[in-house]
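Fold and contact review
This is what each chain is made of:
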Amino acid sequence: METIVFDIGETLVRDDRHWASWADWLGVPVHTVSALVGAAVVGGRGAADALALLRPGMDVAEAELAREAAGRGEHLGERDLYPDVRPALAGLRSLGLRVVVAGHRSARATEQLRSLDLPADLVVTSAEWGVAKPDPEFFVRVLKASDADPRTTVYVGDHPAEDLFPAKAAGLRTAHLRRGPFGHWWADHPDVVESADWRVDALTELATLPGLVRERGDGSGGPGHVRDAPERRPERGGSPTLRALRSVR
């Protein structure tokens, strides 16, 4: 591998403050928002659907703009980073890999993310491109901006429908991260197990991936797994099929 690309939300950045700010904006308890986000995850729906349940008919994009105008928009700081982010990214760069951060974020949050001076070669977001995951064009832009070959590029993320499946369809290798609501709930789903080249529980595990090390050393070797794949098992009651998972936005 030559390039490793990271999703942002619930991969590098904790989203608890994000949802807490929405709860404050809507005037409801944080627990209510958290519970509804969880219900959306389990149902194979987008987390933003939780907001629609609280305010039927609300245009989430317009509400985001209203929050920004009121000075209560998205905010990212050092405390929002998961503890393993800096050591993991720095370790991968020390191995000679190109490290890229590419995911969903507003223009304001993009500036804040760059101000954190992460050990990355490039930080890009959907706000700059006007295209977001899971649109295939997002991954085309990622590869172009990174000057990367999809065959030697790994996309790391927690969300099957926004990270894993579309990156795989674009020809990239993929690493699924068991983190955040989507990452935990869907981690052992048969479709995730089948689609992911690697599955990890922490970002610091990435530097130990057997396939990554071998391919850098001699160009041989295939996908490796830090955590062994579980036996294929029946889906949880009511869990969506692959089609439903891929419909999550």
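Residues numbered from 1 in each chain as written. Predicted model: local features only at pLDDT ≥ 70, side-chain atom pairs only at ≥ 80, totals over all residues. Heavy atoms only, no water.

Re the packing of aromatic side chains
Which entries qualify depends on this criterion: Two rings from Phe, Tyr or Trp (for Trp, the six-membered ring) form a pair when their centres sit within 6.5 Å of each other. Planes less than 30 degrees apart are called stacked, planes more than 60 degrees apart edge-to-face, and all others tilted. Per-residue accessibility, obtained with a 1.4 Å probe over protein chains only, is compared with the maximum for each type, and a residue is labelled buried under 20%, exposed over 50%, and partly exposed between these values. Note on conventions: DSSP H or I runs of at least 4 residues are helices, E runs of at least 2 residues are strands, and numbering of each starts at the N terminus. We call a charge positioned above a ring when the Lys NZ or Arg CZ atom is no farther than 6 Å from the ring centre and deviates by at most 35 degrees from the ring normal.
Using the criterion set out here, one finds three aromatic pairs in the structure. Each ring, one from Phe138 and one from Phe139, has its centre 5.4 Å from the other, and the planes form 80°; the classification is edge-to-face. Taken as a pair, Phe138 and Phe139 share a single burial class, namely buried. Measuring from ring centre to ring centre gives 5.4 Å for Phe139 and Tyr155, while their planes differ by 75°; the resulting arrangement is edge-to-face. Taken as a pair, Phe139 in helix α8 (residues 136-146) and Tyr155 in strand β4 (residues 153-157) lie far apart in primary sequence, 16 residues in all. Through pairs of rings, three or more aromatic residues link up here, namely Trp129, Phe138, Phe139 and Tyr155. Above the plane of the ring of Trp22 lies Arg67, whose end atom (NZ or CZ) is 4.5 Å from the centre. When the ring centre of Tyr82 is taken as origin, the NZ or CZ atom of Arg179, which lies over that ring, is 4.1 Å away.

Quick look at the sheet that holds strand β3 (residues 122-125)
Note: strands within a sheet are paired through backbone hydrogen bonds, in either parallel or antiparallel orientation. Convention followed: A pair of strands is treated as paired once DSSP finds two or more bridges between them. Orientation is described by axes fitted as lines to C-alpha atoms, over the contacting stretch for helices, and by angles from 0 to 180 degrees between their N-to-C directions. For this analysis, residues touch if any pair of their heavy atoms sits within 4.5 Å.
One open sheet accounts for six strands, arranged β3-β2-β1-β4-β5-β6; its pairing is parallel. Edge positions in the sheet fall to β3 and β6 (198-200), since each of these pairs with one other strand and no more. Here the average twist between neighbouring strands, direction ignored, is 20°. In the sheet, β4 pairs with strand β5 (residues 173-177) via four bridges, with the strands oriented parallel. When the bridges of β5 are listed, Val156 appears paired with Ala175. Across the sheet, α8 touches β1 (3-6), β2 (98-103), β3 and β4, and the angle it forms with β2 is around 150°.

Considerations on the pattern of salt bridges
One side chain can pair with another of opposite charge once the charged atoms of both are near each other. Rule in force here: Salt-bridge detection follows one rule: a side-chain nitrogen of Lys or Arg within 4 Å of a carboxyl oxygen of Asp or Glu.
Following the criterion strictly, the structure yields 21 salt bridges and no others. Ionic pairing is found between Glu68 and Arg108, a salt bridge with its closest N-O pair at 4.0 Å. Taken as a pair, Glu68 in helix α4 (residues 60-69) and Arg108 in helix α6 (residues 107-115) lie far apart in primary sequence, 40 residues in all. Judged by its relative accessible area of 27%, Glu68 falls in the partly exposed class. Across the salt bridge formed by Arg141 and Glu137, the nearest N and O atoms sit 3.1 Å from each other. Taken together, the positions of Arg141 and Glu137, both in helix α8 and four residues apart, correspond to about one turn of that helix. What makes Arg141 partly exposed here is its relative accessible area of 30%. Each of Arg178, Asp188, Arg199 and Asp201 takes part in salt bridges that share partners, so that together they form one network.

Overview of the confidence of the model for the chain
How we decide: pLDDT is a per-residue confidence score from the predictor, ranging from 0 to 100.
Put simply, the chain has an average pLDDT of 85, and 85% of its residues get 70 or more. This model gives residues 214-244 a pLDDT under 50, and the stretch forms 61 contacts once residues within four places in sequence are excluded.

Re α6
Which entries qualify depends on this criterion: This arc describes the spread of directions from the helix axis toward the C-beta atoms.
Where α6 is concerned, the buried positions are Ala109, Thr110, Gln112 and Leu113. Looking down the long axis of α6, one finds its buried residues gathered within 165° of arc, a one-sided arrangement. Facing away from the buried side of α6, by more than 90 degrees, are the exposed residues Ala107, Glu111 and Ser115. Those residues of α6 that are buried are in contact with β2, β3 and α7 (126-129).

Re the layout of surface pockets
Selection criterion: Cavity means a closed set of points on a 1 Å grid over the protein atoms alone, one where a 1.4 Å probe fits but cannot get out, pocket means an open set with protein on both sides within 12 Å along at least 5 of 7 lines, and lining means a residue has an atom within 4 Å of a point. Grid points are joined across faces, edges and corners, and a volume is the space filled by probe spheres set on the points. Note on residue categories: nonpolar means Ala, Val, Leu, Ile, Met, Phe, Trp, Tyr, Cys or Pro, charged means Asp, Glu, Lys or Arg, and polar means any other residue, Gly included.
Within this model, the largest pocket holds a volume of roughly 1,100 Å³. The wall of the largest pocket is formed by 37 residues, among which Asp15, His18, Trp19, His104 and Arg105 lie closest to the centre. Only α1 (16-26), α2 (30-42), α4, α9 (160-169) and α10 (180-185) provide two or more residues apiece to the lining of the largest pocket. Looking at side-chain class alone, the lining of the largest pocket contains 15 nonpolar, nine polar and 13 charged residues.

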